[in-house]
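Working through the structure, step by step
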Amino acid sequence: SDFPPCKIEIVLGAKGRLYVVLPTGVETKLPFACNAPFIQDPARMKIKDPETSPTNRWLLERAGQLAASTMLNWLGSEKIPAIERADAYSLLPDVDRKDNSLEGVCGTAVEEAFSEIINGVPILLKQDGDLVQKNKCLIIPNEIASIWPADQAVGLLDDEGRFALSQHVKTADCEKLLNWGLVEKIDKELFLFVLANKHLPKPKTWEHLLNLWEYIAPEVTGYEYFGENEDLRIVPVQGKEVLYSAGEV
C-alpha cells in the first residue's frame with residue numbers, strides 16, 4: 001500500500017522506547033528510541049501488534065532502514081576521525097528474535113529491516129580506516145595489541161589473510177558484531193595454540209614482552225591448563241629475533 005508522507009525519528013543513546021510524540025508503554029531492547037505515527041491500541045498505552053497492523057510494521061521497518069543507512073554513512077565518512085567512525089556501531093541492534101512479546105516483535109521487525117540494508121555491503125572498519133565485507137576482519141584483543149601492533153598480530157595469528165578490526169571499536173559493539181556473525185575473534189585458546197606451534201617475533205620492548213607473560217599467566221599457571229608449559233614459545237634468546245620455548249633454550 002501507499003502511505004502518506006510521515007516523519008520517523010530515532011534517538012541514539014536513549015532507551016529503546018517507542019513514541020507517538022508522547023512515550024508509549026513499548027520499550028524494546030533497541031539501542032535507540034523511535035518516534036513515528038504508530039497506530040496505538042484503544043487504551044493508547046501501547047501500539048498495535050505489527051503482526052496485525054501493516055502500518056506499524058511498515059513504520060518499524062522504516063526505522064530499521066533509517067538506522068542501517070545512517071550507520072553505513074557514518075562508517076563511510078572519511079571526513080571524521082576513525083575513533084568517531086567506530087562509534088557508528090552503537091546503532092547496531094542486538095535483540096532476541098525469539099522474544100514473542102510485543103516489545104520483542106517490534107525489536108525483531110526493526111532488526112530484520114536493518115539486516116536487509118547491511119547485507120552484502122562493506123561494514124567492517126579496518127585499522128587503516130577502510131571498510132571490508134563481513135568475515136574479512138578479526139577482533140584482536142587489546143591485550144594482544146599491547147604485545148604486537150594489531151595489524152602485525154593478525155598476520156601472525158591468522159592464516160586466512162584477514163585484517164584487524166579497528167581498535168577504536170568499543171567492547172560492547174565488538175560483542176554485537178560477534179553475535180551477528182560479522183566478525184571472529186582471536187581468543188586465548190587459539191593464542192596459546194599458536195604460541196606452542198610457531199616462533200613468533202620477539203616483542204619490540206621488554207614491556208611488551210611482560211604484557212605477553214601477564215596475558216597468558218592465569219591460564220598457564222592455573223590448575224586446569226592441559227598444555228605443556230615448556231612447549232610455549234615465550235622466551236627471548238640472545239641474538240635472535242623470534243621467541244623460543246623453554247625446551248629449546
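Above this note sits the structure.
The following paragraphs examine the structure supplied in this document. (Residues numbered from 1 in each chain as written. Predicted model: local features only at pLDDT ≥ 70, side-chain atom pairs only at ≥ 80, totals over all residues. Heavy atoms only, no water.)

The next subject is the pattern of salt bridges. Per the counting criterion, the structure on display carries 14 salt bridges. One salt bridge in this structure joins Lys170 and Asp87, with 2.4 Å as the shortest N-O distance. You can see Lys170 sitting in the loop between β8 (163-164) and α6 (171-179) and its partner Asp87 sitting in the loop between α2 (82-85) and α3 (102-118), a full 83 residues away along the chain. Looking at Lys170, the relative accessible area reads 45%, which means it is partly exposed. Its relative accessible area of 24% is what places Asp87 among the partly exposed residues. Measuring nitrogen to oxygen at the nearest pair gives 3.3 Å for the salt bridge that ties Asp159 to Lys198. (Salt bridge = Lys/Arg side-chain N within 4 Å of Asp/Glu carboxyl O. Helix = DSSP H or I, 4+ residues; strand = E, 2+ residues; numbered from the N terminus. Buried < 20%, exposed > 50% of the residue type's maximum accessible area, 1.4 Å probe, protein only.)

With respect to topology, four strands assemble into an open sheet ordered β1-β4-β2-β3, the strand pairing being mixed. Sheet topology places β1 (9-12) and β3 (22-28) at the edges, where each strand pairs with a single neighbour. With direction set aside, neighbouring strand axes in the sheet form an average angle of 20°. Alignment of strand β2 (residues 16-20) against strand β4 (residues 32-35), held across two bridges, turns out to be parallel. (Pairing = 2+ DSSP bridges. Axes fitted to C-alpha atoms, helices over the stretch in contact; angles between N-to-C directions.)

With respect to the element layout, Asn211 can be found in helix α8 (residues 206-220). Separated by 3.0 Å, the side chain of Asn211 and the backbone oxygen of Ser146 make a polar contact. Excluding its chain neighbours within four sequence positions, the residues that come into contact with Asn211 are Ser146 and Ile147. (Polar contact = N/O pair within 3.5 Å; in protein donor to acceptor, adjacent residues only side chain to side chain. Contact = heavy atoms within 4.5 Å.)

Another point: helix α1 (residues 54-76). In this model α1 runs 33 Å from its N-terminal to its C-terminal C-alpha over 23 residues, within 8% of the 33 Å that 1.5 Å per residue would give. Of all the residues in α1, the buried ones are Asn56, Leu59, Leu60, Ala63, Gly64, Ala67, Ala68, Met71 and Leu75. Check the buried side of α1 and you find it contacts β1, β2, β4, α2, α3 and β6 (131-132). (Expected span 1.5 Å × (residues − 1).)

Here the focus is the packing of helix α7 (residues 188-197) against α8. Axis separation between α7 and α8 bottoms out at 11 Å; the angle between their running directions is 105°. Considering their axes alone, α7 and α8 lie roughly perpendicular with respect to each other. Along its contact with α7, which presents Lys188, Phe191, Leu192 and Leu195, the element α8 presents Leu212, Tyr215, Ile216, Glu219 and Val220. Residues belonging to the contact of α7 with α8 are distributed by class as follows: seven nonpolar, no polar and two charged. (Parallel < 35°, antiparallel > 145°, perpendicular 65-115°, else oblique. Nonpolar A, V, L, I, M, F, W, Y, C, P; charged D, E, K, R; others polar.)

Attention now moves to the side chain of Arg162. Along the polypeptide, Arg162 turns up in the loop between α5 (150-157) and β8. Overall, the relative accessible area of 12% leaves Arg162 in the buried class. In terms of polar contacts, Arg162 uses its side chain to reach the side chain of Asp158, at 2.9 Å. Only 3.4 Å separates the side chain of Arg162 from the side chain of Glu184, close enough to count as a polar contact. Dropping the residues within four chain positions of it, Arg162 is found in contact with Asn135, Lys136, Cys137, Leu138, Val154 and Glu184.

On to the nonpolar core. Formed by 41 residues in total, the largest nonpolar core has its most connected members in Met71, Tyr89, Leu124 and Leu177. Put simply, the parts of the chain that give this core at least two residues each are β4, α1, α3, β5 (124-125), β7 (137-139) and α6. Sequence-distant contacts of Met71, that is, excluding residues within four places in its chain, are made with Ala88, Tyr89, Leu91, Leu92, Phe114, Ile118 and Ile123. Counting residues in each nonpolar core, the second largest holds 25 residues, with Ile144, Phe191, Leu192 and Tyr215 among its members. (Core = buried A, V, L, I, M, F, W, Y, C linked by side-chain atoms within 4.5 Å.)

The contact between α1 and α3 brings their axes to 7 Å, and the two run at 45°. Judged by the angle between their axes, α1 and α3 are oblique. The way α1 lies across α3 gives a crossing that is right-handed. Two secondary-structure elements touch here, α1 through Arg57, Leu60, Glu61, Ala63, Gly64, Gln65, Ala67, Ala68, Ser69, Met71 and Leu72 and α3 through Cys106, Ala109, Val110, Glu112, Ala113, Phe114, Ile117 and Ile118. A breakdown of the residues in the contact of α1 with α3 according to their chemical character gives 13 nonpolar, three polar and three charged. (Left-handed = near helix turned anticlockwise from the far one by under 90°.)

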